[in-house]
Amino acid sequence: MLKIALFISIAFTIFCTYKFLEEIYKGFKNNKLKLRVTYTKLIKEVINYSGPILYQNNIKYFPFFKISYYNSKKKLGCYLSSQKKIVIYVKSHYGSDSEKIKDIIHTTLHEIRHYMQHFIYSDFKKYDVYTKKLSYKKNPFEIDSNSWADRNMEDCIQYLKKK
């Protein structure tokens, strides 16, 4: 009788563990993104996501944007402060379709943050000085933009999934 009870207990534990791991796997599997619109529409919707955030920072207008299909070896995107325009190089993003979509979203958020910095921080005009003095990766505007994009990534993806 003890052996049967032990066997049932072990079998139940294995079954529960299997179901638990199955749910975790489903969560990872469902975390994959699939593009159902053009890159232009994706980037426009990411910019639309930023609308309330721009408004909170007293920024009245969305940034202009351009999608480039040029495969830049050095850039995923850039912000052209003189034109108040973000440029996203979609062919410069690599990986699985899901990874590429996530990277394009992150790059777009990153460049939106540069657009915001342009209006919020008076020393944004020293961006190039900081890059020359500290390096691109240590530029405080780059650190801030990456951090901001990281913080807004999940909310933005949830926003996009509702569209």
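You'll find the structure just up there.
Residues take numbers from 1 onward in each chain, read along the sequence in its written order. For this predicted model, a pLDDT threshold of at least 70 governs which residues receive local features, and a threshold of 80 or more governs which side-chain atom pairs are given and counted, while totals over whole chains, interfaces and linings are taken from all residues. With hydrogens and water stripped out, all remaining heavy atoms of the structure feed into the side-chain values.

Chemist: Hey, could you run me through the overall build of the protein chain in this one?
Modeler: For helices the rule is a DSSP run of H or I covering at least 4 residues; for strands it is a run of E covering at least 2, with both sets numbered from the N terminus onward. Along the backbone of the protein chain there are 6 helices and 3 strands. Its helices and strands in sequence order give the protein chain the pattern α-α-α-β-β-β-α-α-α, from N to C terminus. Categorising residues by exposure relies on relative accessible area from a 1.4 Å probe, with only protein chains included: less than 20% of the type maximum marks a residue as buried, more than 50% marks it as exposed, and the intermediate range marks it as partly exposed. Counting only residues that meet the buried cut, the protein chain has 34% of its 163 residues in that class. Partitioning the contacts of the protein chain with sequence separation of at least 6, the portion at a separation of at least 24 is 54%. Using a 1.4 Å probe, accessible areas were evaluated by the Shrake-Rupley method; residue-level cover was limited to the displayed protein chains. Summing over all exposed atoms, the protein chain offers an accessible surface of approximately 11500 Å²; the carbon and sulfur share of this is 59%. Contacts are assigned to residue pairs with any non-hydrogen atoms lying within 4.5 Å of each other.

Chemist: When you look at a nonpolar patch on the surface in this model, what are you seeing that I'm missing?
Modeler: A cluster of nonpolar residues, Phe119, Ile120 and Tyr121, forms a patch on the protein surface that exposes about 240 Å² of accessible area. Among the structural elements, Ile120 can be located in helix α4 (residues 97-120). Patch membership is restricted to residues that have no salt bridge and whose relative accessible area is over 30%. Joining uses 9 Å for like charges and 5 Å for the nonpolar side chains Val, Leu, Ile, Met, Phe, Trp and Tyr. By convention in these notes, a salt bridge is any Lys or Arg side-chain nitrogen within 4 Å of a carboxyl oxygen on Asp or Glu.

Chemist: In this structure, what is going on with the side chain of His93? I would like to understand it.
Modeler: Tracing the sequence through the fold places His93 in the loop between β3 (85-89) and α4. Here Tyr89 takes part through its backbone oxygen, which lies 2.9 Å from a polar atom of the side chain of His93. A polar side-chain atom of His93 sits 2.9 Å from a polar atom in the side chain of Thr107. The residues touching His93, leaving out its near neighbours within four places in the chain, are Leu76, Ile88, Lys100, Asp103, Ile104 and Thr107. Polar contact is defined as a pair of N or O atoms within 3.5 Å, subject to the rule that within protein one atom must be able to donate a hydrogen and the other to accept it, and that residues adjacent in sequence are counted only when both atoms are side-chain atoms.

Chemist: Is there a simple way to explain the sheet that holds β3 in this structure?
Modeler: Consider a sheet: its strands pair through backbone hydrogen bonds, and that pairing is either parallel or antiparallel. Read from one edge of the open sheet, 3 strands run β1-β3-β2, paired in mixed fashion. Unpaired on one side and paired on the other, β1 (64-68) and β2 (77-80) mark the two borders of the sheet. Going from strand to strand, the sheet's axes swing by 15 degrees on average, the running direction of each strand aside. In this analysis, strands are considered paired if DSSP registers two or more bridges between them. Sheet analysis places β1 next to β3, joined by 5 bridges and oriented parallel. Paired with Ile67 across the strands is Ile88, a residue of β3. Note on method: axes are straight lines fitted to C-alpha atoms, helices fitted across the in-contact stretch only, with angles between N-to-C directions ranging 0 to 180 degrees. Strand contacts of helix α2 (residues 39-49): β1 and β3, with the helix running at about 150 degrees to β1, the strand carrying the most contacts.

Chemist: Could you clarify how one ought to interpret the pairing of β2 in this entry?
Modeler: Summarising the sheet, β2 and β3 pair through 4 bridges and their orientation is antiparallel. Looking at the pairing, Gly77 lines up with Ile88 of β3.

Everything listed is a geometric property; what it means functionally is a separate question.
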